[in-house]
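Okay, here's what each chain looks like letter by letter:
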Amino acid sequence: MSRYELQVQIKLLSDTTFGRGDGVAGLVDQEVEHDSFGFPYLRGRTLKGLLSEECDNLIVLLKGEKFRHWKKIRNQLFGVSGSTLEKASMIRVGDACLPQQLREAVGNQIEKEREEDKPRLTPTDILHSLTTIRRQTAINPDNGTADRGSLRSARVVMRDRPKTPSRFTAFLFFDEEPTPDMKALLAVCVLALRHVGSGRNRGRGHVQCSLCDASGQDITQDFIHRFATIEEVDR
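Note that the coordinates shown come from a computational prediction; the quantities given were computed from them, not determined experimentally.

Draft legend 1. How the structure looks around the sheet that holds strand 1 (residues 4-12). Strand order in the open sheet formed by four strands is 2-5-1-6, with antiparallel pairing between adjacent strands. Whereas interior strands pair on both sides, the edge strands pair on one side only; in this sheet they are strand 2 (91-93) and strand 6 (207-212). Each neighbouring strand pair of the sheet contributes to a mean axis angle of 25°, computed without reference to strand direction. Of the strand pairs in this sheet, strand 1 and strand 6 are connected by six bridges, and their pairing is antiparallel. Looking across to strand 6, one finds that valine 8 is bridged to leucine 211. The strands touched by helix 5 (residues 180-192) are strand 1, strand 2, strand 5 (167-174) and strand 6; relative to strand 6, the strand with the most contacts, the crossing angle is about 165°.

Written as structure tokens, this is what we have:
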């Protein structure tokens, strides 16, 4: 069992599609990933890939000793493709989900109604309360009309609102306590992650992320300064 934990908290600033790669015939061409109770979530494997991508984009801009230092930290955190056990990733990323208390309360209610054979709340109700469907079509530039057969629909998780917050939390698991440098690199990667999900290059999936400790306290600003000041790093 992992001994150390951190959290990535994700706030949706725009509607987002946590795509699962398929649709529902007659309803949507692209469905969101959701659990058995209808709660949408972002797979941990996908989130880890996004963080690793942001990390690579940041490190490639560095030169000399800074590049070598943070490249080593990056490989320790995320591993190297085709690596041995000694060089495998030391971080495990859980699924990014809505608050656990909310999911447990609704899940218990659904199970209770099923047992009593009085279903009033269903997983479909939960999914529909947190998502909506967006449609788009291609426009013919010559006549300004929609191209035949180009209509596509996708379910989206609705963005964060005062009465309907859309904030997801993913736990990061470690077998040993991450060093300050590892936390610093994670902090800048999390801060750099601005878009997730399908269609993130077309206006969807705009997010605001923060790195938190196991209790949920935001520690992003506590560590990002180390990334720019390698001279202060403890050797």
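Draft legend 2. A look at the environment of valine 157. Positionally, valine 157 belongs in strand 4 (residues 152-157). Linking valine 157 and proline 40, residues 117 residues apart in sequence, is a C-alpha distance of 7.3 Å. Among all residues touching valine 157, those that are not within four sequence positions of it are Leu12, Ser14, Asp15, Thr16, Phe18, Val32, Pro40, Leu130, Thr131 and Phe168.

Draft legend 3. Up close: the side chain of threonine 16. Positionally, threonine 16 belongs in the loop between strand 1 and helix 1 (44-59). Note on threonine 16: relative accessible area 0%, which makes it buried. In this structure the side chain of threonine 16 is engaged in a polar contact, spanning 2.9 Å, whose partner is the backbone oxygen of serine 14. Once residues lying within four places of it in the same chain are set aside, the contact partners of threonine 16 are Val156, Val157, Val196, Gly205 and His206.

Draft legend 4. Looking closely at the nonpolar core. Residues Ile10, Leu77, Leu172, Leu185, Leu186 and Leu211 are the most contacted members of the largest nonpolar core, which totals 49 residues. Ranked by residue count, the leading element in this core is helix 5, at eight residues. Not counting chain neighbours up to four residues away, the residues in contact with leucine 77 comprise Ser89, Met90, Ile91, Phe174, Met182, Leu185 and Leu186.

Quick notes on the rules
- Residues numbered from 1 in each chain as written.
- Predicted model: local features only at pLDDT ≥ 70, side-chain atom pairs only at ≥ 80, totals over all residues.
- Heavy atoms only, no water.
- Pairing = 2+ DSSP bridges.
- Helix = DSSP H or I, 4+ residues; strand = E, 2+ residues; numbered from the N terminus.
- Axes fitted to C-alpha atoms, helices over the stretch in contact; angles between N-to-C directions.
- Contact = heavy atoms within 4.5 Å.
- Buried < 20%, exposed > 50% of the residue type's maximum accessible area, 1.4 Å probe, protein only.
- Polar contact = N/O pair within 3.5 Å; in protein donor to acceptor, adjacent residues only side chain to side chain.
- Core = buried A, V, L, I, M, F, W, Y, C linked by side-chain atoms within 4.5 Å.

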